[in-house]
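What follows is each chain in one-letter form.
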Amino acid sequence: MKKNNKPTIKQIAEQAGVSPSTVSLVLNGKGEISGVTRSRVLEVVSSLNYLPRAPKNREKTAKTIKFLKIAKHGHTVNRDHSHFISDYIDGMSSEATSRGYKLQVLSYENVTASDITDILANSDATAAIILGTELTREDIQKIQDFRLPTVFIDSFYDLIDANFVDMNNGDAVYTVLSHLKDLGFSKIGFVGSETQTRNFALRKKAFMKNMHHLGLTVNSSHILSIGSTIASAYEDSLEALSNHDSVAEAYFCANDIMAYGFTKALKEKGYKIPQDISIVGFDNLPMSATLDPSLTTIDVSKRKIGSMAVTVLDELLNAEGSLPAVKVQVGAELVVRASTNPKKTG
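If you're wondering where the values come from, they're calculated on a predicted model, not measured in any experiment. (Residues numbered from 1 in each chain as written. Predicted model: local features only at pLDDT ≥ 70, side-chain atom pairs only at ≥ 80, totals over all residues. Heavy atoms only, no water.)

A few points about the packing of aromatic side chains
Consideration 1: All chains considered together, the criterion is met by seven aromatic pairs.
Consideration 2: A centroid spacing of 5.8 Å and a plane angle of 45° characterise the contact between F156 and F164, whose relative ring orientation is tilted.
Consideration 3: According to the relative accessible area criterion, F156 is buried, its value standing at 11%.
Consideration 4: Look at Y157 and F164: their rings are 6.4 Å apart centre to centre, the planes differ by 55°, and that puts the pair in the tilted class.
Consideration 5: One aromatic cluster is present, formed by F152, F156, Y157 and F164 through successive ring pairs.
Consideration 6: Positioned above the aromatic ring of Y101 is the side chain of K63, whose terminal nitrogen or guanidinium carbon lies 5.0 Å from the ring centre. (Phe/Tyr/Trp six-rings, centres within 6.5 Å; stacked < 30°, edge-to-face > 60°. Buried < 20%, exposed > 50% of the residue type's maximum accessible area, 1.4 Å probe, protein only. Lys NZ or Arg CZ within 6 Å of the ring centre and 35° of its normal.)

Regarding helix α8 (residues 198–213)
Given 3.6 residues per helical turn, the α-helix brings residues three or four places apart onto the same face.
Consideration 1: Over its 16 residues, α8 extends 22 Å from the first C-alpha to the last, a length consistent with the 22 Å expected when each residue adds 1.5 Å.
Consideration 2: When α8 is considered as a whole, its buried residues turn out to be N199, F200, L202, R203, A206, F207, N210 and M211. Buried positions in α8, seen along its axis, are confined to an arc of 160° and lie on one side of it. Residues of α8 that are exposed and point more than 90 degrees away from the buried face comprise K205, K209 and H212.
Consideration 3: Where the residues of α8 are buried, they touch β5 (163–167), α7 (169–182), β6 (188–192), β7 (223–225), β8 (250–253) and α10 (256–268).
Consideration 4: A positive backbone phi angle near 75° is found at G215, which sits one or two residues after α8. (Helix = DSSP H or I, 4+ residues; strand = E, 2+ residues; numbered from the N terminus. Expected span 1.5 Å × (residues − 1). Arc of directions from axis to C-beta. Contact = heavy atoms within 4.5 Å.)

Focus on the sheet that holds strand β9 (residues 278–280)
Backbone hydrogen bonds are what pair the strands of a sheet, in a parallel or an antiparallel way.
Consideration 1: Strand order in the open sheet made by the four strands is β7-β6-β8-β9, with parallel pairing throughout. In the strand order of this sheet, the two ends are held by β7 and β9, each with one partner. Neighbour-to-neighbour, the strand axes of the sheet open up by a mean angle of 20°, direction not taken into account.
Consideration 2: The strands touched by α8 are β6, β7 and β8; relative to β6, the strand with the most contacts, the crossing angle is about 170°. (Pairing = 2+ DSSP bridges. Axes fitted to C-alpha atoms, helices over the stretch in contact; angles between N-to-C directions.)

Things to note about the pattern of salt bridges
Consideration 1: One pass over the full model with this rule turns up seven salt bridges.
Consideration 2: A salt bridge links D139 to K72; the shortest N-O distance between them is 2.6 Å. With D139 in helix α6 (residues 137–144) and K72 in the loop between β1 (64–71) and α4 (82–98), this pair connects stretches of sequence that are 67 residues apart.
Consideration 3: Three or more residues joined by partner-sharing salt bridges are found here, namely D87, D90 and R303. (Salt bridge = Lys/Arg side-chain N within 4 Å of Asp/Glu carboxyl O.)

This is how it looks when you write it as structure tokens:
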């Protein structure tokens, strides 16, 4: 008799350090489960390649919204960002419950756009919210062509007839640069990454545009590209700093993970933060408040983005006839901490 090697809910529970009932609630999008616990369970689900059984009675799940946490390459959607994802889930869960939907959260790694459409085609989903962080324009277009009511979050593309809810990167970067200019800095650098993440590209574009808008000169030697994980950000920052003769007075980093690695490398090179160089991150991850020094960063309401995604889907599902694509950008605020100081004079 052939042995069944499919992972079980019990195995998932043991690896995640939770009860089987908690795993069941997470897989079915039910219960008052914290976003952090949901993310931990989903990471185990993904690592074991667990696929839940398709429901026998589709009528009972006719109002299911599936949130697909997609890690196409894992450079940005990984354990370092589990809190970020959990905030999205919290916002979705609350709004879905209030509107009478069941939210089911699924996690997939190393998948293509074709894989995603296959997953949706074989599911009971009424609609879907997809984490677009690591998806390309072509990926999103292919998924959108499947014609299931879908909203993409943590990504934003013009000229695509698709629904997006994302942070307003342009306004956020302008806020960062205005803050640094007000502190007296004119030599401001940018730390980004070539990792295929749309928001990184949008933040770099906004940096260039807003530096010009504020009358500040961009020095190409102060534009750095590093890895987007904690380890690669630190290692690449060390190499980049060794290859540059000068440093800027202040740097805006495309996210908090890169800010952490870059700051660590600067310290190793003998620079003091913020006495010598001021640093600003993006995302306001929990780690940003506990860094030494604590990190000035941009805070975007991820719960608001999650909530808005469900609201957009609800409008699509209840509309009489088709609706034009909805593209929502949620604002942000600067959280000022110890990593920025006024420029020393004299």
